[in-house]
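Structural characterization, general
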Amino acid sequence: MKLSEELQWRGFVNQTTYDDLSQLDQAPISFYWGVDPSADSMTIGNFAAAMMVRHFIDHGHKAVLLVGGATGMIGDPDGKKDERNLKTLDEIAKNKAGIAGQYKTAFAGQDFTIVDNYDWFKNINYLDFLRDVGKHVPMSQMLGRDFVQSRLGEEGSGISYAEFSYSLIQGYDFLHLYREHGVTLQVCGADQWGNSIAGVDLIRRIEGAETHIYSTPLVINKATGVKFGKSEGGAIWLDPKRTSVYKFYQFWLNVDDDGAIDYAKIYTLLSKEQIEELAAKQQANPGAREVQKTLAREVTALVHGKERMESVERVTDVLFGQKDVHELSPEDIDALAGEIPTLGTGKTVVEVLVESKIAASNGEARRLIAGSAVSVNGEKVSEDRPLAELSLVKKGKNSFILVR
């Protein structure tokens, strides 16, 4: 499948300056994609764009991946109602390292170059920048941006000169990468279109050259109509310290049926034939949730590696009755202990239910046991008894305690 066909089939087509997408099927080009270090991790919203980038690389195009050390010092104002709080230099350095590390994981084995726009901004003289760059940027273009208009309107909170200049800084990134790396295309999320087009205009005015923008749509949850990637606990992050590998896996396992096939096209490298086969299985037996299970395996393996994926799969099987807790490795048990209440040994079933606050009293704990609502290592218990050194106590469908 050609790149233009792949992008259309997977749902990666939004706005572009190309007249015809088949231009992407011609000779290899250098392109760039960037993430600002507003946090030390990407979210699965960023990861959707990263997967689009992966297809560009797989079809022979040369990727330059930008970590926004300079733009991160200002913060992208687009879509924000109020002025951002500035990050400290230490925060930005930590965040840059986190993003760069995730680039290396997401694109492992691929050909790419990582750059940091702080490297070319740190020594720029302000007056030279105004003469060489600012002189070529019309105020009408900058004032016409939607976020500027909303911030300057009657109900707007106003905008600082720093945030107003953000798109100029990003535009210069494109100019610099065009000059130094031969980059002729910027790929971005739909929300970055306005910032990105500034670079195309700057290159045309200063270099007299034609460059392009290609944007991917924001992924929308069909069940709710809102931006995909939020859970009750907030954003879904790629960093396991922010979103544990288990919770990451569970997120994909529980995505809505209506959007599951679309998410498989965006977030996995499965072929068209494989995804069509999954769609047929889903239609024949929706209750088996084969698409969600495949999604959880594939995306978790891409982000966290096959070993971590297999570990959380085993932990999930234990929690939901497909495996015994004694089949887990010590590492698996550590992962499980990080997700559910964990108590020490030497206790009875009643004591564990009360100490974990699943039962409010000894009497309530005994009533739960008498009502067959409690199991230990998959077996219903009918009376209080001491627990073995490794036990998984379960009340109902979703309340667990690990004793180790």
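What counts as what
- Residues numbered from 1 in each chain as written.
- Predicted model: local features only at pLDDT ≥ 70, side-chain atom pairs only at ≥ 80, totals over all residues.
- Heavy atoms only, no water.
- Helix = DSSP H or I, 4+ residues; strand = E, 2+ residues; numbered from the N terminus.
- Buried < 20%, exposed > 50% of the residue type's maximum accessible area, 1.4 Å probe, protein only.
- Lys, Arg positive; Asp, Glu negative; His and termini not counted.
- Salt bridge = Lys/Arg side-chain N within 4 Å of Asp/Glu carboxyl O.
- Contact = heavy atoms within 4.5 Å.
- Pairing = 2+ DSSP bridges.
- Patch = residues over 30% accessible without salt bridge, like charges linked within 9 Å, V, L, I, M, F, W, Y side chains within 5 Å.
- Areas by Shrake-Rupley, 256 points an atom, 1.4 Å probe, with all protein chains shown as cover.
- Charge placed at Lys NZ, Arg CZ, Asp CG, Glu CD.
- Axes fitted to C-alpha atoms, helices over the stretch in contact; angles between N-to-C directions.
- Parallel < 35°, antiparallel > 145°, perpendicular 65-115°, else oblique.
- Nonpolar A, V, L, I, M, F, W, Y, C, P; charged D, E, K, R; others polar.
- Phe/Tyr/Trp six-rings, centres within 6.5 Å; stacked < 30°, edge-to-face > 60°.
- Left-handed = near helix turned anticlockwise from the far one by under 90°.

A few words on the side chain of Asp173. Along the chain, Asp173 falls in helix α9 (residues 166-181). For the buried residue Asp173, which engages in no salt bridge, the nearest side chain bearing the opposite charge is Arg179, 11 Å off. Among all residues touching Asp173, those that are not within four sequence positions of it are Tyr32, Leu66, Thr71, Asn117, Trp120 and Phe121.

Spatially, 5 strands are ordered β8-β12-β11-β9-β10 in an open sheet, and the strand pairing comes out mixed. A strand with exactly one partner marks an edge of an open sheet, and here the two such strands are β8 (342-343) and β10 (379-380). In terms of strand pairing, strand β9 (residues 374-376) meets β10 through 2 bridges, oriented antiparallel. From the neighbouring strand, Ser375 faces β10, where its bridge partner is Lys380.

Here we take up the environment of Phe174. One can find Phe174 in helix α9. Taking the relative accessible area as the measure of exposure, Phe174 reaches 0% and is therefore buried. Linking Phe174 and Val53, residues 121 residues apart in sequence, is a C-alpha distance of 17 Å. Apart from the residues lying within four places of it in its own chain, the contact partners of Phe174 are Tyr32, Val183, Thr184, Leu185, Gln186, Ser196, Gly199, Val200, Ile203, Thr211, His212 and Ile213.

The topology assignment puts Leu302 in helix α14 (residues 290-304). Between the C-alpha atom of Leu302 and that of Ala106, which follows or precedes it by 196 residues, the distance is 6.8 Å. The contact partners of Leu302, leaving out residues within four places of it in the chain, are Phe47, Met51, Thr105, Tyr267, Thr268 and Leu269.

With that settled, the discussion passes to a negative patch on the surface. Together, Glu351, Glu355, Glu383 and Asp384 give the surface a local cluster of negative charge. With respect to the helices and strands, the residue Glu351 is situated in helix α17 (residues 349-355).

Located in the positive-phi region is Lys357, a residue other than glycine, with phi close to 65°. Its place among the elements puts Lys357 in the loop between α17 and α18 (362-370).

As for its placement among the helices and strands, Lys347 is situated in the loop between β8 and α17. One buried charged side chain, Lys347, makes no salt bridge at all; its nearest oppositely charged neighbour is Glu355, positioned 4.1 Å away. Apart from residues no more than four positions distant in its own chain, Lys347 is found in contact with Val352, Glu355, Arg385, Pro386 and Leu387.

Where charged atoms of side chains with opposite charge meet at close range, the side chains can pair. In this structure the tally under the stated criterion is 20 salt bridges. Where Asp40 meets Lys94, a salt bridge forms, and the shortest distance between an N and an O atom there is 2.5 Å. Of this pair, Asp40 sits in the loop between β1 (30-35) and α2 (44-58) while Lys94 sits in helix α3 (residues 89-106); the two residues are 54 residues apart in sequence, bridging distant segments of the chain. Across the salt bridge formed by Lys62 and Asp111, the nearest N and O atoms sit 3.7 Å from each other. Taken together, the positions of Lys62 in strand β2 (residues 62-67) and Asp111 in the loop between α3 and β3 (112-116) put the pair 49 residues apart, joining distant regions of the chain. Shared partners join several salt bridges into a network, and the residues in it are Asp40, Lys94 and Arg242.

Attention now moves to the packing of helix α11 (residues 245-253) against helix α15 (residues 306-319). A pair of packed helices is captured by two measures, namely the crossing angle of their axes and the spacing between those axes. Two numbers describe how α11 lies on α15: the axes approach to 9 Å, and their chain directions differ by 70°. Comparing their axes, α15 and α11 come out roughly perpendicular. Mapping the contact onto sequence places Val245, Tyr246, Tyr249, Gln250 and Leu253 in α11 and Arg308, Val312, Glu313, Val315, Thr316 and Leu319 in α15. Within the contact of α11 with α15, the residues separate by chemical class into 7 nonpolar, 2 polar and 2 charged.

Below, the discussion takes up the sheet that holds strand β5 (residues 212-216). Here 5 strands make up an open sheet; going across it, the order is β3-β2-β1-β4-β5 and the pairing parallel. At either margin of the open sheet sits one strand with a lone partner, and together these are β3 and β5. Here the strands of the sheet are splayed against their neighbours by 25° on average, with no regard to which way each runs. Judged from the 5 bridges that link them, strand β4 (residues 183-189) and β5 form a sheet pairing that is parallel. Across the sheet, Val187 pairs through a bridge with Tyr214, a residue of β5. Against the sheet, α2 contacts β1, β2, β4 and β5, and its axis sits at roughly 165° relative to β1. Packed on one face of the sheet, helix α10 (residues 193-207) meets β4 and β5 and runs near 165° to β5.

Attention shifts here to the packing of aromatic side chains. On inspection of all chains with the given rule, the structure shows 17 aromatic pairs. Here Phe228 and Trp252 contribute two aromatic rings whose centre-to-centre distance is 5.7 Å and whose plane-to-plane angle is 55°, an arrangement assigned as tilted. With Phe228 in the loop between β5 and β6 (230-231) and Trp252 in helix α11, this residue pair connects regions lying 24 residues apart in the sequence. In this structure, Phe228 and Trp252 share a single accessibility class: buried.

Another point: the packing of α14 against α15. One way to put it is that α14 packs onto α15 with a least axis distance of 7 Å and a crossing angle of 135°. It follows from the interaxial angle that α14 and α15 lie oblique. Of the two possible hands of crossing, α14 and α15 adopt the one that is right-handed. For the pair formed by α14 and α15, the contact residues are Arg297, Thr300, Ala301 and His304 on the first element and Lys306, Arg308, Met309, Val312 and Glu313 on the second.

By themselves, these figures tell us nothing about what the structure is for.
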